[in-house]
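# Commentary on secondary and tertiary structure
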Amino acid sequence: MPLPELDVVFREFFVAYELLELALEEYYYDPDDGLELRPEVLERLEQSVADIEAGGKTYSIEEVFDESERA
């Protein structure tokens, strides 16, 4: 395909993609929007972050998966 034709095809694709993105934009929603965490959950989350920032151990997804398979 000659370069000018490729340029036209790319531009058409780009416009189509942009239109699709605009159409799907209104379908995005966050089901948790407006919900609040219970205080005890928020406290555990904040403690976990603090532990990690203080050098605490983290686990890879593979380690978590392996552990869940053993349970």
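Computed from a prediction, not measured in an experiment: that's the story for all the values here.

### Comments concerning a negative patch on the surface
- Negative charge collects at one region of the surface, where Glu18, Glu21, Glu25 and Glu26 lie side by side.
- Along the chain, the position of Glu21 falls in helix H1 (residues 3-25).
- Accessibility expressed as a relative area gives 40% for Glu21, which makes it partly exposed.

### A word on the environment of Leu42
- Here Leu42 lies in helix H2 (residues 39-53).
- The class of Leu42 is partly exposed, set by a relative accessible area of 34%.
- Between the C-alpha atoms of Leu42 and Glu62, which are 20 residues apart in sequence, the distance is 26 Å.

### Here we look at the pattern of salt bridges
- Applying the stated rule across the entire model yields 4 salt bridges.
- Close ionic contact of Glu40 with Arg38 constitutes a salt bridge, the shortest N to O distance being 2.8 Å.
- Among the salt bridges present, the one from Lys57 reaches Glu63, with a minimum N-O distance of 3.9 Å.
- Looking at Lys57, the relative accessible area reads 56%, which means it is exposed.

### As for the confidence of the model for the chain
- For the chain, the average pLDDT comes to 88, and 97% of its residues sit at 70 or higher.
- Per-element averaging of pLDDT across the chain places helix H3 (residues 61-70) at the bottom with 87 and H2 at the top with 93.

### Thoughts on the packing of aromatic side chains
- What the rule picks out here adds up to 2 aromatic pairs.
- Between the aromatic rings of Phe10 and Phe14, the centroid separation amounts to 6.3 Å while the plane-to-plane angle is 25°, which identifies the pairing as stacked. Residue Phe10 and its partner Phe14 are both found in helix H1; the two are separated by 4 residues, about one turn of the helix.
- The exposure class assigned to Phe14 is partly exposed, which follows from its relative accessible area of 44%.

### Concerning a nonpolar patch on the surface
- Taken together, the side chains of Phe10, Phe13, Phe14, Val15, Tyr17, Leu19 and Leu22 make up a nonpolar region of the molecular surface, amounting to roughly 770 Å² of accessible area.
- Within the secondary structure, Val15 sits in helix H1.

### Points about the environment of Tyr28
- As for its placement among the helices and strands, Tyr28 is situated in the loop between H1 and H2.
- Taking the relative accessible area as the measure of exposure, Tyr28 reaches 64% and is therefore exposed.
- Taking the C-alpha atoms as reference points, Tyr28 and Val8, 20 residues apart in sequence, are found 31 Å from one another.

Each value, and the rule that gives it
- Residues numbered from 1 in each chain as written.
- Predicted model: local features only at pLDDT ≥ 70, side-chain atom pairs only at ≥ 80, totals over all residues.
- Heavy atoms only, no water.
- Patch = residues over 30% accessible without salt bridge, like charges linked within 9 Å, V, L, I, M, F, W, Y side chains within 5 Å.
- Areas by Shrake-Rupley, 256 points an atom, 1.4 Å probe, with all protein chains shown as cover.
- Salt bridge = Lys/Arg side-chain N within 4 Å of Asp/Glu carboxyl O.
- Lys, Arg positive; Asp, Glu negative; His and termini not counted.
- Charge placed at Lys NZ, Arg CZ, Asp CG, Glu CD.
- Helix = DSSP H or I, 4+ residues; strand = E, 2+ residues; numbered from the N terminus.
- Buried < 20%, exposed > 50% of the residue type's maximum accessible area, 1.4 Å probe, protein only.
- pLDDT = per-residue confidence, 0-100.
- Phe/Tyr/Trp six-rings, centres within 6.5 Å; stacked < 30°, edge-to-face > 60°.

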